[in-house]
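Survey of secondary and tertiary structure
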Amino acid sequence: MAYVIAEPCVGTKDNSCVEVCPVDCIHPTPDEPDYDKVEQLYIDPEECIDCDACVEACPVDACFAEDQLPDEWGKFVQINADYFASSK
């Protein structure tokens, strides 16, 4: 099971989670070309190792284990996956 970045990140894009991720699965990073074009950060579900580091680092509480994601943000599971599906 992967972690998911949900609605609190929209418009925020705080990079604290990017800095602590041990497997570099949160994108885009500020040095990637599409960083300014997207409204939030995304976790690659295939690369995520479920370490929980992003949850602790996120100042807006936008990172959730997939099974702990509030129902109203359930669509963000697919939103995160779609970001990576379209970029590969």
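Residues numbered from 1 in each chain as written. Predicted model: local features only at pLDDT ≥ 70, side-chain atom pairs only at ≥ 80, totals over all residues. Heavy atoms only, no water.

Per an unreviewed UniProt entry, the chain goes by Ferredoxin and derives from Paraconexibacter antarcticus. In its Function (unreviewed entry) section, UniProt records this for the chain: "Ferredoxins are iron-sulfur proteins that transfer electrons in a wide variety of metabolic reactions." (UniProt positions renumbered as here; feature names shortened; annotations may be inferred.)

Let us now look at the overall build of the chain. When its secondary structure is counted, the chain shows 3 helices and 4 strands. Ordered by position from N to C terminus, the α and β elements of the chain give β-α-β-β-α-β-α. Computed over C-alpha atoms, the radius of gyration of the chain comes to 11 Å, within 12% of the 12 Å expected from 2.2 N^0.38 for 88 residues, which places it in the range of a compact globule. Dimensions of the chain, computed from the C-alpha atoms along their principal axes, are close to 30 × 25 × 25 Å. Residue burial in the chain is summarised as follows: out of 88 residues, 41% are buried. Taking contacts inside the chain between residues at least 6 apart in sequence as the whole, the part at least 24 apart equals 74%. In the structure as shown, the chain presents an accessible area of about 4900 Å², 46% of it carried by carbon and sulfur atoms. Both charge centroids of the chain, one from 4 positive and one from 21 negative side chains, sit 10 Å from each other. (Helix = DSSP H or I, 4+ residues; strand = E, 2+ residues; numbered from the N terminus. Rg over C-alpha atoms; globule rule 2.2 N^0.38 Å. Buried < 20%, exposed > 50% of the residue type's maximum accessible area, 1.4 Å probe, protein only. Contact = heavy atoms within 4.5 Å. Areas by Shrake-Rupley, 256 points an atom, 1.4 Å probe, with all protein chains shown as cover. Lys, Arg positive; Asp, Glu negative; His and termini not counted. Charge placed at Lys NZ, Arg CZ, Asp CG, Glu CD.)

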